[in-house]
Amino acid sequence: MERPLTQHITFPPLDLRAYEAVGGYQSVRKALKDMAPGDITALLKESNMKGRGGAGFSTGMKWSFVPMNVSGPKYLVANADEMEPGTFKDRWLLEGNPHQLIEGMIVSAYAIQATESFVFLRWAYKVAAVEIHKAIKEAYAAGYLGKNILGTDFSLDMHLHTGVGRYMCGEETALLNSLEGKRATPRAKPPFPQVSGLFGKPTIVNNVETLCYIPHIINNGAAWFQSLSHTNDGGTKIYGVSGRVKKPGAWELPMGVTMRELIEEHAGGMQDGYKFRGVLPGGASTDFLVEEHMDIKMDFAGVAAAGSRLGTGTMVVLDDRTCPVGFVHNLEHFFAQESCGFCTPCREGLPWTEKLLLAIEQGEGREEDLAMLASHAKMMGPGNTFCALAPGAMEPLQSALKYFRDDFEQHIREKRCPYHA
Amino acid sequence: MLTTSEKEQIEKEIRQVPVKKAACIEALKIVQDHRRWVSDEGIQDVADILEMSTEEVDSIATFYNLIFRQPVGRHIILLCDSISCYVMGYKELHQQIVQLLGIQYGQTTLDGRFTLLPNPCLGTCDHAPALMVDHDLYRDLRKEELENILAKYT
Amino acid sequence: MATIYIDNKPFDVKNSKNLLEACLQLGLDLPYFCWHPAMGSVGACRQCAIKTYKDEDDKKGRIVMSCMEPVKENVRISVNDIESTEFRNQIIGLLMTNHPHDCAVCDEGGACHLQDMTVMTGHSYRDYRFTKRTHRNQDLGPFLNHEMNRCIQCYRCVRFYKDYAGGKDLNVFAANNKVFFGRQKDGKLESEFSGNLAEVCPTGVFTDKTLLSHYTRKWDMTYAPSICQGCSIGCNISAGERYGSIRQITNRYNGEVNGYFLCDRGRYGYEFVNSSQRIQHPALRPHHNGTPDKDHIINHVANKLRSGKAIGIGSPRASLESNFALRQLVGEKHFYLGMSDIDHDHTALALKILRDGPVRTPSLHEMEKADMVLILGEDVTNTAPMMALAVRQAVRQEPMHDAMNEVHIAAWQDAAVREAVQEKKGPFFILNTFPTPLDELATQIQRGAPDNLARLAFAISHQLDASIPAVTGLSDAETTLVATIVEALLAAEHPLIISGFGSGYDSFMKAAANISWALHKQGKQPMLSLTVPECNSLGLEMLGGHRLDSALDVLRHGDADTIVILENDLYRRADKHVIDELFSHAKEVILIDHLYNQTAERATVILPAGTFAEADGTIVNNEGRAQRYFQVFVPKGEIQESWRWCLQIAQAAGIHRLNGLMSLDDITWAMCTAIPSLELVQQLAPHAEFRMAGQKIPREPHRYSGRTAMTANENVSEPKPPDDIDTPLSFTMEGFRGEAPAPLIPFFWSPGWNSVQAINKFQTEIGGALHGGDPGKRLLEPRKDAVIHFFTEAPEPYMPIPGHVHLMPIYQIFGSEELSMYTRGIAKSAAEFFCIYMNPEDLHEWNIEPGAWFNFEIDGHSYVMNATPNNWLPRGIAAINAGLPKAEIVDLPQCIRFIHSSTV
Ligand SMILES: Cc1cc2nc3c(=O)[nH]c(=O)nc-3n(C[C@H](O)[C@H](O)[C@H](O)COP(=O)(O)O)c2cc1C
Ligand code: SF4
Ligand code: FES
């Protein structure tokens, strides 16, 4: 089975020479010398590459919105903020093979004719920071970055920016504000960043995993990309599992493996003494799936059909000895803390939600609280809030109310958490 | 007053951005690196060099949770309190730390050695529970290990 | 125009608007918080949710924020649909979770947008049962209270203060539901426009601190439409009174003039009306035995006028009507302008330029649309504050248009526009000796001696029109600057040239005229705006009269022995020794004014005059716009309009020039007949007999309370409300309840809209003119057939005179204006009056220690002031703060002679 993204991951990672020796930076040569920027975007569209940052939007399509004949700078940003609880896939790529990301960024920048690029890295990824810094330096020295790359008239600078906290920084428009040195509050769309992004200039923000894939698509083509996958969504995907499973971890697998395969084979099934109750399939801001969904295909359409989202593809398992109310309370605590404070529903609604859940968990819930939680979930739904943070926060809540309703009711009835002895 | 080295570093950042203000977060990080936290004076220093008002700088500084606007200890413990660590029992770690150091979240030990802060997901969920002390990440932690780990930091 | 469907009914609305604006304009009650008509949309509060539908068959629809959606042809929306109604209700519920529910003790109560919206959405039951988060409040200085717990985080305060008005010291701190709006530390808010926060904030976080010291609910005040007397801009205000004192000034929307905002001088400078220094009763001096009887005093004055040789001295801070009445009382030949000669020269020049020239002088609203700005020798923030706010908006315009086209966004998409524009600013140049608050926006600033700067300005005009003589001897840098400015002027469609009285040098105004005229000749559409010193300087100048120094001559020669002074402290009009001498020649000094001032001390007869709050009248702003203000309340004592004093004296003296005139309409009619250029003044507002449905327009809200009890301590029977014979307004709550004609609106209120946001209901379109047109009439329109006579004499290059210093005035928003200084907070913010600023090298050369007392001489009179070094002053030029109380030097600029420095 091919594992293009992770095949060359080592700790410490390959240096530039070693990376080149395994075929690294070939796509830069090919793209800059043999392909027009538009060809690359077209190839991406053809491959049906969908962004790995959570929303699953077509990468080629996204790039095609960048106006090509405008004056002034354009920007490319790698979103390496990875703060979604339960998500740890980009860390692997960043620490294990930074040159792959840089290579992908150069080609992507070329495709949109960006002249400057940034890696927006979260603060906690200390090892990644060191490795990326080193790799960027090597790439400059080897002429892959800087003026007139490989003798062409394409030039690109690359900077590493490490954040100072705040989950909001992962939201692409808030990320841009943060890169501009401002508060990381999101921006209204339209205008989209592709048109007015960093410093008001056309900008593309892509997830690390998305960008790491670009070299391979350039090198091997769209058909190859499609062939890697079990489904219409092409390629492989990094999946991860955490929680009370025997072998938590992350694996690169064909897009569309089943949930069962992931949990039972790769993650080794539940730890002894724990039973499976449910799972957040793609990070903290996705709806719970339960036993009955075990055989769904883990691709964008498959998870959506089951009522959730593929999200980041990294799952968190809920076991039978963890209280679902406490579990969801923990999530909502996170989201309430991380709300930027800009829009009303999110800023005021999440703390309220959190307090309701805590009250229930502590045996102080009231019967009407469940209806209130449900109405919050609806009120903070997509489109009602300014950005996708609060709607994301509502996904685990609304599905928990559906799948674990008995638990909530038991808490309220017995005025205590049954999971605490 | 900014030290020469702070100033040099900030000026380097200013050169990278189209407008001075855009170096604000970098400048705050630099000041924090040198002084461990950003005091009102630190805010003023950054404001002066970037030609911003103190309000403008503080608005940004107070937004981000890893810019410290209060004194912190020599070492910072960031305990992951997010979902995978929750499932894997970070609360036990928390209790243990409270017991060992006698401080709650947001507090600093009397000897100024440690500050304990809760932190959202550290991105190492497959090795939960986890925490960071300064730049060092500790994973798959058992509460018994904590005492030895903390002993490394003086 | 586009057709949109609201709940299946078609409406035609303007394309450039968003759906919230469209709905409000159509009279629908749609709640909102973060949107503001002057500041656009950001989509933060989520209160204005509506449904949009794809087409007729779409029954489900989708919730959107109406403030963030453009009007588009055939858009289908619903305001009343259940889901969006429920959502709006929830949003208010959320906003109220942490709100203290303290309306009963909140200053905003009764005029609160949050209250209105809460009622409008039907939110009446509190579901939240947890503890509220609390904040600590800050001391923000003398003008504003801060009560952060009432905050609903709409971000309007920072958007106004920072983004719109350019303030630096207010911001939002922290994140999530801990966000805090305030300063970094306690302290006075620095912006000259801070008071607008009280109106911009939809709840009780920022409230008017001066109101608090004599608090009255909005519904318990008596209001009148009024005009600010703080500077020559003439912002429209609503003044509220109770128990005989003015309690609060709020903005009165005028689309052409001040729009939604006021400056802090205007908002807070009202306390002189309530001052203990007010003259309440007529008096004869030295002390008259027995109670002063009004008729007796009137007869006394009439006798003096009949027997003596009287002159009248008018006032730029009195109404046209009062000045005219005095002029008629003493006779046109004996009427003197109560301005300093230099103010008169400047105002006369401004009037001549505007009247004879071909270039239009813009309203503030038009200024905001300028695509290039050039300021010559004027610090508008301090001489005409609201003009600075307009310039700030203008400088945003040019880059905004590009950005909007490039990114396809509308102007109301505020955050997106700001992002696209970044730090880009339109071309903006300032030539001024001193730094000004607008400098931070300027493309380029030039400093130097006024003469040299004016030479540059003449050089610019020469480049635009060769018939204006060239200016020689410019440095390379100056030549380049001239070329840059010329290029920017020519590149612009609507360049705005601003100058005025502030520097004391008239060559700036001449050069400004030259530049605008030359551009006009080239087919451009320039705008020329000139500041004048006071609220009615231009009106007084249009009325006409003699110079003040000629009054001294007349008295010296014994051609006059009696002076009637109208609303004027002459010690502010010329240096002390000049006025002392003037009075020494007069047998009788009759003063009609409101406050005991230095002039009152010299008066032999004092007649109490109504301030703007106790009088009706008309003033003319720097744009030539005549505006009417109306009496707010009937004052205690024998205070009455100055013009009424004049009429009564004329009656007693049998002066035929004022025969038979009784009321405001009479005097206005007489004035307009006598002076045809003022003709339009008669059309400013409906006449006294005007009625709506047979009724007068009430000055009091229909909820006005306590009328029967207010004066029960004096008399248990309710007094008869006073009549108003001069206007169609009544002094009570009874009368017509519908919408009054724009010039007569005492306060903005509409059912369900108790806050200032009710303005939406009175406009032809959101942010546009009031129904029936904005009040005020322009008396000066450019002459299409004007023959241009350029000013040809540029000043000589500046040369310091050995042993002498040129003394220039520095005007300050807080301090330079006479009446506003009676407000404590303003007086506290004013500069020290004994400072003389000088170039440090001058100080050094003259051996004066910084901070030492500096003795100098003007016209043989010596003065002592505190020498304060100032780096931006050129050698040989000094400056003092103009207009401060008790300043003895007022005739500025002038030349002073160094005596010596003494140590104190
Ligand atoms: C609150 C929030 C946090 C997000 N955090 C991340 C993140 O940490 N990393 C990431 O790649 N995308 C994150 N996203 C998604 C980004 O906004 C954006 O869609 C993504 O970076 C696009 O990359 P892609 O097109 O390659 O998927 C977040 C979105 C939201 C609403
Ligand atoms: S203080 Fe007032 S204006 Fe500012 S955010 Fe709060 S409610 Fe809005
Ligand atoms: S911060 Fe985005 S929805 Fe609230």
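It should be noted that the structure appears before, not after, this text.
I will try to describe carefully the structure that is included in this document. All values reported here derive from a predicted model rather than from experimental measurement. (Residues numbered from 1 in each chain as written. Chains lettered and ligands numbered in written order. Predicted model: local features only at pLDDT ≥ 70, side-chain atom pairs only at ≥ 80, totals over all residues. Heavy atoms only, no water.)

A word on the overall build of chain C. Per the secondary structure count, chain C includes 25 helices and 34 strands. Relative to the compact-globule value of 29 Å for 904 residues, chain C shows a C-alpha radius of gyration of 28 Å, a close match. Dimensions of chain C, computed from the C-alpha atoms along their principal axes, are close to 90 × 80 × 60 Å. Evaluated residue by residue, chain C yields a buried proportion of 64% over its 904 residues. The long-range share in chain C, meaning contacts at least 24 apart out of those at least 6 apart in sequence, stands at 75%. With an accessible surface of roughly 32,400 Å², chain C has 51% of that area assigned to carbon and sulfur atoms. The positive charge centre, built from 86 side chains, and the negative charge centre, built from 108, are 5 Å apart in chain C. (Helix = DSSP H or I, 4+ residues; strand = E, 2+ residues; numbered from the N terminus. Rg over C-alpha atoms; globule rule 2.2 N^0.38 Å. Buried < 20%, exposed > 50% of the residue type's maximum accessible area, 1.4 Å probe, protein only. Contact = heavy atoms within 4.5 Å. Areas by Shrake-Rupley, 256 points an atom, 1.4 Å probe, with all protein chains shown as cover. Lys, Arg positive; Asp, Glu negative; His and termini not counted. Charge placed at Lys NZ, Arg CZ, Asp CG, Glu CD.)

Here we take up the overall build of chain B. A tally of regular secondary structure across chain B gives 7 helices and 4 strands. Reading chain B from its N end, one meets helices and strands in the order α-α-α-α-β-α-α-β-β-β-α. When its C-alpha atoms are laid out on the principal axes, chain B stretches across 50 × 35 × 25 Å. Scored against the burial criterion, the 154 residues of chain B give a buried share of 57%. Within chain B, contacts between residues at least 6 apart in sequence are counted, and of these 59% link residues at least 24 apart. With 16 positive and 24 negative side-chain charges, chain B shows a spacing of 2 Å between the two charge centroids.

It is worth spelling out the site of ligand 1 at this point. Residues and elements named next belong to chain A. In the vicinity of ligand 1 lie 18 residues, with Gly53, Lys62, Asn206, Asn207 and Thr210 positioned nearest. Here an oxygen atom of ligand 1 and a side-chain polar atom of Asn207 are 2.6 Å apart. Notes on ligand 1: free accessible area 610 Å², of which the protein chains cover 90%. In terms of residue count, strand β4 (residues 203-207) provides more of the shell around ligand 1 than any other element does, 3 residues in total. Of the residues that constitute the shell around ligand 1, the class distribution is 5 nonpolar, 7 polar and 6 charged. (Near = heavy atom within 4 Å. Polar contact = N/O pair within 3.5 Å; in protein donor to acceptor, adjacent residues only side chain to side chain. Nonpolar A, V, L, I, M, F, W, Y, C, P; charged D, E, K, R; others polar.)

Looking now at the packing of aromatic side chains. Counting across every chain of the model gives 40 aromatic pairs over all chains. Considering the side-chain rings of Trp846 of chain C and Phe854 of chain C, the 6.1 Å spacing of their centres and the 50° angle between planes classify their relative orientation as tilted. Across this residue pair, the class does not change: Trp846 of chain C and Phe854 of chain C are buried. Counting every residue linked through ring pairs, the aromatic cluster contains Phe160, Tyr164, Tyr253, Tyr260 and Phe261 of chain C. Directly above the aromatic system of Trp123 of chain A lies the positively charged group of Lys126 of chain A, at a separation of 3.9 Å from the ring centroid. The ring of Phe731 of chain C has Arg699 of chain C lying over it, and the distance from NZ or CZ to the ring centre is 3.9 Å. (Phe/Tyr/Trp six-rings, centres within 6.5 Å; stacked < 30°, edge-to-face > 60°. Lys NZ or Arg CZ within 6 Å of the ring centre and 35° of its normal.)

So, about a nonpolar patch on the surface. A cluster of nonpolar side chains, contributed by Phe57, Met61 and Phe65 of chain A, occupies part of the molecular surface with about 280 Å² of accessible area. Mapped onto the elements of the fold, Phe57 of chain A is located in the loop between α3 (37-47) and α4 (59-64). (Patch = residues over 30% accessible without salt bridge, like charges linked within 9 Å, V, L, I, M, F, W, Y side chains within 5 Å. Salt bridge = Lys/Arg side-chain N within 4 Å of Asp/Glu carboxyl O.)

All names here are of chain A. Across the sheet, 4 strands lie side by side as β6-β5-β8-β7; this open sheet has mixed pairing. Every interior strand has two partners, whereas the edge strands, β6 (249-254) and β7 (276-280), have only one. Ignoring which end each strand starts from, the neighbouring axes of this sheet average 30° apart. For strand β5 (residues 236-242) and strand β8 (residues 314-319), the ladder comprises 3 bridges, and the chain directions are parallel. (Pairing = 2+ DSSP bridges. Axes fitted to C-alpha atoms, helices over the stretch in contact; angles between N-to-C directions.)

On the chain A side, the residues contacting the 41 residues of chain C number 44 residues. Each partner contributes to the roughly 3,200 Å² buried at the junction of chain C and chain A, and carbon and sulfur atoms together form 55% of this total. Remark: the boundary between chain C and chain A carries 4 salt bridges. Across the pair Lys378 of chain A and Glu83 of chain C runs a salt bridge whose closest N-O atoms are separated by 3.6 Å. (Buried area = accessible area lost by both parts, 1.4 Å probe.)

On to the sheet that holds strand β12 (residues 245-251) of chain C. Strand pairing in a sheet takes place through backbone hydrogen bonds and is either antiparallel or parallel in direction. Residue and element names in this part refer to chain C. Strand order in this open sheet of 3 strands is β10-β11-β12, and the pairing throughout is antiparallel. Lying at the two open borders of the sheet, with one neighbouring strand each, are β10 (222-227) and β12. Averaged over neighbouring strand pairs, the angle between their axes works out to 30° when direction is ignored.

Right, let's talk about the pattern of salt bridges for a bit. Any two side chains of opposite charge can pair, so long as their charged atoms come close to each other. Evaluation of the coordinates by the stated rule reveals 84 salt bridges over all chains. With a shortest N-O distance of 3.1 Å, Glu419 of chain C and Arg187 of chain A are connected by a salt bridge. Here Arg187 of chain A lies in the loop between α8 (172-179) and β4 and Glu419 of chain C lies in helix α14 (residues 414-421), a pairing that spans two chains. In this pair, the class of Glu419 of chain C matches that of Arg187 of chain A, namely buried.

Further remarks concern the pairing of β4 of chain A. β4 of chain A sits mainly inside the fold: 5 of its 5 residues count as buried. Residues Thr203, Val205 and Asn207 of chain A line one face of β4 of chain A and the alternating positions Ile204 and Asn206 of chain A line the opposite face, and both faces are buried.

Where the parts come together, the accessible area they lose is often given as the size of the interface. Each partner contributes to the interface: chain A provides 51 residues, whereas chain B provides 38 residues. Counting the surface chain A buries against chain B, the share from its top three residues, Val164, Arg183 and Asn330 of chain A, is 19%. The interface formed by chain A and chain B holds 0 salt bridges in total. The tally of links between chain A and chain B comes to 18 residue pairs in polar contact (both at pLDDT 80 or more).

The next point concerns the environment of Cys112 of chain C. Residue and element names in this part refer to chain C. Mapping Cys112 onto the fold places it in the loop between α2 (82-95) and α3 (113-121). Along the primary structure Cys112 and Thr203 are separated by 91 residues, whereas in three dimensions their C-alpha atoms are 5.6 Å apart. Setting aside chain neighbours within four positions, we find Cys112 in contact with Pro202, Thr203 and Ser755.

Bringing the environment of Ile9 of chain A into the picture now. Residue and element names in this part refer to chain A. By secondary structure assignment, the location of Ile9 is in the segment before α1 (16-21). With a relative accessible area of 15%, Ile9 lands in the buried category. Counting along the chain gives 86 residues from Ile9 to Glu95, while the straight-line C-alpha distance between them is 8.4 Å. What Ile9 contacts, discounting residues up to four positions off in sequence, is Trp92, Leu93, Gly96 and Asn97.

Residues and elements named next belong to chain C. Within helix α4 (residues 156-164), 7 of the 9 residues are buried, which leaves the element mostly enclosed by the surrounding structure. Arg156, Cys157, Val158, Arg159, Phe160, Tyr161 and Tyr164 are the residues of α4 that are buried. Close packing links the buried residues of α4 with β7 (171-173), β8 (180-182), α5 (197-200), β9 (206-208), α13 (385-407) and α14.

Our next topic: helix α10 (residues 341-356) of chain C. Here α10 of chain C spans 22 Å end to end across 16 residues, near enough to the 22 Å set by a 1.5 Å rise per residue. Burial in α10 of chain C covers these residues: Asp341, Ile342, Asp343, His344, His346, Thr347, Leu349, Ala350, Leu351, Ile353 and Leu354 of chain C. (Expected span 1.5 Å × (residues − 1).)

Put plainly, two cysteines are in a disulfide when a covalent bond ties their sulfur atoms together. In this structure the tally under the stated criterion is 0 disulfides over all chains. Left without a disulfide partner, Cys121 of chain B is nearest to the cysteine sulfur of Cys125 of chain B, which lies 3.6 Å away. Of all cysteine sulfurs, the one in Cys228 of chain C lies closest to Cys263 of chain C, which takes part in no disulfide; the gap is 6.2 Å. (Disulfide = S-S within 2.5 Å.)

As for its position among the elements, Gln70 of chain B is in the loop between α4 (54-61) and β1 (75-80). When the C-alpha atoms of Gln70 of chain B and Arg36 of chain B are compared, they prove to be 9.5 Å apart, with 34 residues separating the residues in sequence.

In this structure, the amide linkage connecting Phe11 of chain A to the following residue, Pro12 of chain A, adopts the cis form with an omega of -5°. Take Pro12 of chain A: it is sitting in the segment before α1. Of note, Asp7 of chain C is a non-glycine position whose phi angle comes to about 45°, a positive value. With respect to the helices and strands, Asp7 of chain C occurs in the loop between β1 (2-6) and β2 (9-13). With phi around 55°, His101 of chain C is a residue other than glycine that occupies positive phi space.

Turning our attention to the side chain of Ser47 of chain A. Tracing the sequence through the fold places Ser47 of chain A in helix α3. Not counting residues within four places of it along the chain, the set of residues in contact with Ser47 of chain A comprises Ile217, Ala222, Phe225 and Gln226 of chain A.

Looking now at the pairing of β8 of chain A. Look at any regular strand and the pattern is simple: side chains alternate between the two faces of the sheet. Residues and elements named next belong to chain A. Counting buried positions over the 6 residues of β8 gives 6, a clear majority of the element. Of the two faces of β8, the one holding Thr314, Val316 and Leu318 and the one holding Met315, Val317 and Asp319 are both buried throughout. Alignment of β7 against β8, held across 4 bridges, turns out to be antiparallel. From the neighbouring strand, Gly278 faces β8, where its bridge partner is Leu318.

Spatial relationships are all this shows, so hold off on functional conclusions.
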